[in-house]
Amino acid sequence: MGITKREKRSPPSTSPCADLKAAYHNCFNRWYSEKFVKGHWDKLECVSEWQKYRDCLAQHLDDKHLSRFLETEGVADLIDQADSKNPSGAFK
Amino acid sequence: MVRAYAQEHTYKHPWERVTSASWRKFADPENKRALSHILEVDTLNRKLDPEAGKLYTTRAVTIHTPGPWFIRKIVGQEICHCVESTVVDAKSRSMQLATRNISLQKFIEVEEKIRYDPHPDNPNEWTVCKQETSIRIKPLSVLASMAEKIEQKCVEKFQQNSAKGREVMERMCKYLEAESKGISL
């Protein structure tokens, strides 16, 4: 193409939380595969891992667009909108 | 103008395994190389409705700005933030994901919807994935005059990436299958 692609990427802003994230995701993935999909959905586990990871995110998530999602209650906004347009829940 | 396309893929793995793979897709280091356009994924919010057996999740997905290289020059940003909302309904065995960009909205709107359901022909062993993507260049943006071309380029790029995503999912499912049988790969 004659012009060199710039490969410079901003370092991910949440990398200070990488270890806490990995710890939480490992715990969540185990709970999801071994409990949630097997019918044991009475309670969400990995609470302490989640707290630590979220506290770290709240400190390091400098992007305002993203940090508002940490607070929002309407977690499934996008899906709910899709469902109300399409009540059967199926794609066109 | 909006460019939209749909894709469908059957995984010959049960729904429980495929949706587990979907959660793990971005975390594995080997997958990170294959999905190099995904720079960071963070879980922002997670809620369980224990009565309904529904799990709600919001994640932030930071991606390398899509489309041809000159887009990044014009918009002046190398990265794009997206938000992904997921609902998993364990009772009815469905997983729905919707992803939308929340930065660069002045220029472009991309929305991707994915559903994982048990395959009607073999609901206990197979899973069908249906994906819908729509890409729209904002009419008054600096990209508008070449909107059609850019949308086409974005579609091509997205399709390449979703092919990579499917390979990663297949690999992850095999890994989980082996793990469940007590074999380490």
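See above for the structure.
Residues numbered from 1 in each chain as written. Chains lettered and ligands numbered in written order. Predicted model: local features only at pLDDT ≥ 70, side-chain atom pairs only at ≥ 80, totals over all residues. Heavy atoms only, no water.

*Asks:* Can you lay out the overall build of chain A for me, pointing to particular residues and giving the numbers?
*Replies:* The secondary structure content of chain A amounts to four helices and zero strands. Secondary structure of chain A in N-to-C order comes out as α-α-α-α. For chain A, with 92 residues in total, the buried portion stands at 34%. Considering only intrachain contacts with a sequence separation of at least 6, the fraction spanning at least 24 residues in chain A is 51%. A total accessible area of about 6,100 Å² is found for chain A, and carbon and sulfur atoms account for 51% of it. (Helix = DSSP H or I, 4+ residues; strand = E, 2+ residues; numbered from the N terminus. Buried < 20%, exposed > 50% of the residue type's maximum accessible area, 1.4 Å probe, protein only. Contact = heavy atoms within 4.5 Å. Areas by Shrake-Rupley, 256 points an atom, 1.4 Å probe, with all protein chains shown as cover.)

*Asks:* If you had to explain the overall build of chain B to someone new, which residues and values would you point to?
*Replies:* Of the regular secondary structure elements, chain B holds four helices and seven strands. In chain B, the order of α-helices and β-strands from amino to carboxyl end is β-α-α-β-β-α-β-β-β-β-α. In terms of overall size, chain B behaves like a compact globule, its C-alpha atoms giving a radius of gyration of 17 Å where 185 residues would be expected to give roughly 16 Å. Across its three principal directions, the C-alpha atoms of chain B cover 55 × 35 × 30 Å. Counting all 185 residues of chain B, 57% fall into the buried class. Counting only contacts in chain B whose residues sit at least 6 apart along the sequence, the fraction spanning at least 24 positions is 56%. Here chain B has roughly 8,300 Å² of accessible surface; of this, 50% comes from carbon and sulfur atoms. Seen as two clouds, the 30 positive and the 25 negative side-chain charges of chain B have centres 4 Å apart. (Rg over C-alpha atoms; globule rule 2.2 N^0.38 Å. Lys, Arg positive; Asp, Glu negative; His and termini not counted. Charge placed at Lys NZ, Arg CZ, Asp CG, Glu CD.)

*Asks:* Explain the nonpolar core residue by residue, including any values.
*Replies:* Ranked by size, the top nonpolar core spans 40 residues in total, and within it A:W31, A:Y32, A:F36, B:L55, B:V88 and B:Y116 carry the most contacts. When residues of this core are assigned to their parent elements, the largest contribution, five residues, is made by helix α1 (residues 18–34) of chain A. Setting aside anything within four residues of it in sequence, one finds B:V88 in contact with A:Y32, A:F36, B:W15, B:W23, B:G53, B:K54, B:L55, B:S94 and B:M95. Counting 24 residues, the second-largest nonpolar core is a separate cluster that includes B:Y5, B:F26, B:V41 and B:F107. (Core = buried A, V, L, I, M, F, W, Y, C linked by side-chain atoms within 4.5 Å.)

*Asks:* I'd like a rundown of the sheet that holds strand β6 (residues 108–118) of chain B, residues and numbers included.
*Replies:* Residue and element names in this part refer to chain B. An order of β1-β7-β6-β5-β4-β3-β2 is seen for the seven strands of this open sheet, with the pairing classed as antiparallel. The open sheet has two edge strands with one neighbour each: β1 (2–11) and β2 (38–49). Averaged over all adjacent pairs, the angle separating strand axes in this sheet is 15°, with direction ignored. Here 11 bridges tie β6 to strand β7 (residues 127–137), and the two strands are oriented antiparallel to one another. The residue of β7 that forms the bridge with E111 is S134. (Pairing = 2+ DSSP bridges. Axes fitted to C-alpha atoms, helices over the stretch in contact; angles between N-to-C directions.)

*Asks:* Report on the packing of aromatic side chains, specifying residues and quantitative values.
*Replies:* In this structure the tally under the stated criterion is 12 aromatic pairs over all chains. Considering the side-chain rings of A:Y32 and B:W23, the 6.0 Å spacing of their centres and the 75° angle between planes classify their relative orientation as edge-to-face. Of the two residues, A:Y32 is situated in helix α1 and B:W23 in helix α1 (residues 15–24); the pairing between them involves two chains. The exposure class of A:Y32 is buried, given its relative accessible area of 1%. Judged by relative accessible area, B:W23 falls into the buried class, the value being 6%. With a centroid separation of 6.4 Å and an interplanar angle of 65°, the aromatic rings of A:F36 and A:W41 are classed as edge-to-face. Taking the relative accessible area as the measure of exposure, A:F36 reaches 0% and is therefore buried. Members of the aromatic cluster, connected to one another through ring pairs, are A:Y24, A:F28, A:W31, A:Y32, A:F36, A:W41, A:W50, A:Y53 and B:W23. The ring of A:F28 carries the charged tip of B:R46 above its face, separated from the ring centre by 3.4 Å. (Phe/Tyr/Trp six-rings, centres within 6.5 Å; stacked < 30°, edge-to-face > 60°. Lys NZ or Arg CZ within 6 Å of the ring centre and 35° of its normal.)

*Asks:* Outline helix α2 (residues 47–60) of chain A, listing residues and values.
*Replies:* Residue and element names in this part refer to chain A. For α2, built from 14 residues, the straight-helix expectation of 20 Å at 1.5 Å per residue is met to within 8% by its first-to-last C-alpha distance of 20 Å. Within α2 the residues assigned to the buried category are W50, Y53, R54, C56 and L57. Down the axis of α2, the smallest arc covering the buried residues is 160°, so these residues share one side. More than 90 degrees from the buried face of α2, the exposed residues found are V47, A58 and Q59. (Expected span 1.5 Å × (residues − 1). Arc of directions from axis to C-beta.)

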